[in-house]
Amino acid sequence: MSNPNNVSLNINHALEFIDGQALNIPTLSILTEDGDIHPSATAPDISKHTAIKLYETMRFIRLLDERMQGAQRQGRVSFYMQCLGEEAAVTASAAALDQDDMIMAQYREQAALHYRGFTLDQFMNQMFSNELDLGKGRQMPIHYGSKALNYMTISSPLGTQIPQATGYAYGQKIKHIDAKTGELASTIDNVTICYFGEGAASEGDFHAGLNMAAVHRAPVIFFARNNGYAISTPADEQFKGDGIASRGVGYGIKTIRVDGTDALAVYAATKKAREIASTQGEPVLIESIAYRLGAHSTSDDPSGYRSKDEEANNQTCPIDKFRKWLVKQDWLNEEDDIKAKESIREEILAALKRAEVVAKPALEELVSDVYDTPIPLLQRQYEQLKEHIKQHPNAYPVTAGRIK
Amino acid sequence: MAKMNMLHAINSALDITMDEHPQACIFGEDVGYFGGVFRATSGLQEKYGKHRVFNTPLTEQGILGFANGLAAFGAPALAEIQFADYIFPAFDQIVNEAAKFRYRSGNEFNVGNLTIRTPYGGGIAGGLYHSQSPEAYFAHTPGLKVVVPRNPYQAKGLLRAAIKDDNPVIFFEPKRLYRASTGEVPEEDYSIELGTAEVVQEGTDITLLAWGAQMEIIEAAAQQASEQGISCEVIDLRSILPWDVETIAKSVIKTGRLIVSHEAPITNGFGAEIAATIQQACFLHLESPILRVCGLDTPYPLALEKEYVPDALKVLAAIKQSMDF
């Protein structure tokens, strides 16, 4: 736009307002409930290997979620969050990326992490905050992170990862910019995907992150998981506009809405979004629509704020839908699938039992990593604490026996 | 060596960093072609390109969110907040994100590449919102480093150290001294170690401690005191977090008296932390109570700024009070 105000000056002599719901946003849908391709849709080009890995990841996460929900009810872990209903949204989007693309998630994206290769034991060690946890036992269960797998450690404050994803993606782009022209000189090798919920999109960081990504042309895929609820607050008490997708247009960002229970639609949209981000050097917004089938977390009980009727009318299982398609492709044998589920359940239980007896982190991990090296005042506090624990070992059984 | 004001010295430190690291970026409001409202980044966009020195939209939380991401990626992120008074929308990104990035990830990730520059302090007729000294808020946050220079030489050396330090650092620049303070500054690269105070004048009767723009106030008070036969030891703390307890304690053990002075309101100002720590470390050596000469517990005023600020006369009065105790 070639005017100081950076607007399209379509002069109009009639007094007219644009309606707040003027956009008529379509939702991409490829798979039917029965696992067929919609007659007017085109299936994305997805290999058997990827499709099976995608399915196995969703299957694993559903079983892990079921077991850990139970483990929390038994008092074995303090907290858990299920991905119920959103497995396809998270897994299929991760499957459409490169292994070295950065994932900056909110908290319910364990499936993306497992797709990357995070092992069952790594999940368990984090949830039991034991000494084998990569996070050194510092964060509540499900706050995973792995440098090796390019999965940024989860942070509880909502939406903070959104402008960070913009900055991270900008870093990924810098070496591809021609210093003289300021233009993109080559395809960006790795991009960033940023997940967040429709509730988190009310945070100021959402606006800051999307606006800066658009202005500075950062290759980031914003993936809004609109699951209808922010804990107990329904989407109609969260915003008035047409979902999150309508905002993308406001920021000047290419945007698409997809059926989040449709693994093929999510895969196709994310694949295309990645192509746009890496070749055009600009952000893309994807809004996925998939109902949160479970509670917000183990500390939540949806029966207090949503009706049985509503729940009954929103029971689409994304895993089932994709499984039916795989069976029709002859890529999955139902008997093998049932057997696999049994053995996965056993593996999960065994891993849980292993992790819960691993020792807690050593006392040293209380003060390490606050800075790259402990500052003198903190070192002094640590020495004082060690002396105190040595004098009262019975009061601090987790660490007393291991103090050097 | 070259004669520089503080802005030249800061610009030189940034220039060296941009030249050293091909992915380093400078960004903030108006820092691009304009070179910042105080001109600290003057000429750098022309030299390093729009993709590495650029204006951001007016969103402090966005600037710091972006900076955290860029730093986590591994590029030196040199973020400017136009006035320290406007840093608060970014408080969450600094306190909950930058400060905890390494700890919460078990050192899988860190934002050691982050440096936040921001002008602070009064003396420019800026009233409530162009005068604040918010260092104490950040000093309460493990994981951050907080640094304040007093002159051009210190500014360049400390800023280079802050940039190279592998932790997020907030660098508060005394805007009143940007052009007022000049001195000889090496054109080449050098660093001043963070976390170390500097004894700028030795003395025997009483220790005066401050940082940043307040240094010239306590130096003036020390001069006036010496005319009355009182020998002041004057110390620049330089780093608020981590701070150099040892140098201060050593001085107070010698003089038996301490006055801490800062522009920020007295209650819960960083002077309170210093007083508490030093009374514990030096209790049996103290000849008088530790005194604080600070701003009043009010928002920063405009018409009555002269009455509000902890000027040299107030410091001198405190010196006499301490000596006469």
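Rules used in this analysis
- Along each chain, residues carry numbers from 1 onward, in the same order as the chain's sequence is written.
- Here chains are named by letter from A upward and ligands by number from 1 upward, in the order in which they appear as written.
- A pLDDT threshold of at least 70 governs which residues receive local features in this predicted model, and a stricter bar of 80 or more applies before side-chain atom pairs are shown or counted, although totals over entire chains, interfaces and linings include all residues.
- By the convention used here, strands pair only if DSSP detects at least 2 bridges between them.
- Numbering of helices and strands runs from the N terminus; a helix is a DSSP stretch of H or I covering at least four residues, while a strand is a stretch of E covering at least two.
- UniProt positions are given in the numbering used here, feature names are shortened, and annotations may be inferred rather than shown by experiment.
- The angle between two axes is taken between their N-to-C directions and runs from 0 to 180 degrees, where each axis is a line fitted to C-alpha atoms and a helix contributes only its stretch in contact.
- The exposure label follows from counting other C-beta atoms within 10 Å of a residue's C-beta, where the C-beta atoms are placed from the backbone and the thresholds are 20 or more for buried and 12 or fewer for exposed, leaving partly exposed in between.
- We call two residues in contact when the distance between their C-beta atoms, placed using the backbone, is within 7 Å.
- Under the scheme applied, nonpolar residues are Ala, Val, Leu, Ile, Met, Phe, Trp, Tyr, Cys and Pro; charged residues are Asp, Glu, Lys and Arg; polar residues are all the others, including Gly.
- Expected helix span is taken as 1.5 Å per residue step, with the number of steps being one fewer than the number of residues.
- These domain limits were set by an automatic method or by a database of domain assignments.

Chemist: Got a minute to help me understand the sheet that holds strand S8 (residues 284-289) of chain A in this structure?
Modeler: Pairing between sheet strands relies on hydrogen bonds along the backbone, with the strands arranged either parallel or antiparallel. Residues and elements named next belong to chain A. Pairing within the open sheet is parallel, and its 6 strands lie in the order S1-S7-S8-S4-S3-S2. The strands lining the two open edges of the sheet, one partner per strand, are strand S1 (27-28) and strand S2 (102-104). Of the strand pairs in this sheet, S2 and strand S3 (residues 192-197) are connected by 3 bridges, and their pairing is parallel. By the bridge assignment for S3, Met 104 is matched with Cys 194.

Chemist: Would you mind going over the UniProt feature "domain: Transketolase-like pyrimidine-binding" (unreviewed entry) in chain B with me for this structure?
Modeler: Per the UniProt record, "domain: Transketolase-like pyrimidine-binding" (unreviewed entry) is annotated on residues 4-180 of chain B. Along residues 4-180 of chain B one finds 36% helix and 16% strand; the C-alpha atoms at either end are 10 Å apart.

Chemist: How do you make sense of the sheet that holds strand S11 (residues 232-236) of chain B when you look at a structure like this?
Modeler: Residues and elements named next belong to chain B. Strands sit in the order S9-S11-S10-S13-S14 across an open sheet of 5 strands; the sheet is mixed. A single partner strand is all that each edge strand has here, and the edge strands are strand S9 (198-201) and strand S14 (291-295). On average, adjacent strands in this sheet sit at an angle of 25° to one another, irrespective of strand direction. Note: strand S10 (residues 206-210) against strand S13 (residues 258-265), 3 bridges, orientation parallel.

Chemist: When you look at the environment of Gly243(A) in this model, what are you seeing that I'm missing?
Modeler: Residues and elements named next belong to chain A. Along the chain, Gly 243 falls in the loop between strand S6 (233-234) and helix H7 (245-251). Overall, the presence of 20 C-beta atoms within 10 Å leaves Gly 243 in the buried class. Along the sequence, Gly 243 and Gly 75 sit 168 residues apart, while their C-alpha atoms lie 37 Å from each other. Apart from the residues within four sequence positions on either side, Gly 243 is in contact with Ile 25, Asn 226, Arg 257 and Glu 287.

Chemist: Sorry, what's going on with the interface of chain B and chain A here?
Modeler: Accessible area lost upon the coming together of the parts is a frequently used measure of interface size. Opposite the 39 residues of chain B that make contact, chain A presents 43 residues. Among the secondary structure elements, those contributing two or more residues to the side of chain B that touches chain A are helix H3 (60-73), helix H4 (91-97) and helix H5 (101-104) of chain B. Counting residues per element, the side of chain B that touches chain A draws most heavily on H3(B), which supplies 10 residues. Of the residues contributing to the side of chain B that touches chain A, the split by class is 12 nonpolar, 20 polar and 7 charged.

Chemist: I'm lost on helix H1 (residues 48-73) of chain A in this one. Help?
Modeler: Since there are 3.6 residues in each turn of an α-helix, residues three or four apart along the chain are aligned in direction. Residues and elements named next belong to chain A. Between its first and last C-alpha, H1 extends 38 Å over 26 residues, near the 38 Å set by a 1.5 Å rise per residue. Burial in H1 covers these residues: Ala 51, Leu 54, Tyr 55, Thr 57, Met 58, Phe 60, Ile 61, Arg 62, Leu 64, Asp 65, Met 68 and Ala 71. Looking one or two residues beyond H1, the residue adopting positive phi is Gly 75, at roughly 80°.

Chemist: Explain the domain arrangement of chain A to me, please; I cannot follow it from the model alone.
Modeler: Once the domains are mapped, chain A shows domain 1 (27-33 + 44-356) and domain 2 (363-400). Between the C-alpha centres of domain 1 of chain A and domain 2 of chain A there is a distance of 37 Å.

Chemist: Help me understand the domain arrangement of chain B, please; the structure alone is not making it clear to me.
Modeler: Residues and elements named next belong to chain B. You can read the domains of chain B as domain 1 (2-185) and domain 2 (198-323). In this structure, domain 1 and domain 2 have C-alpha centres spaced 27 Å apart. With 25 residues of domain 1 in contact, the opposing surface of domain 2 contributes 21 residues. Secondary structure elements with two or more residues in the side of domain 1 that touches domain 2: helix H6 (135-139), strand S6 (145-147), helix H7 (152-164) and strand S7 (169-174).

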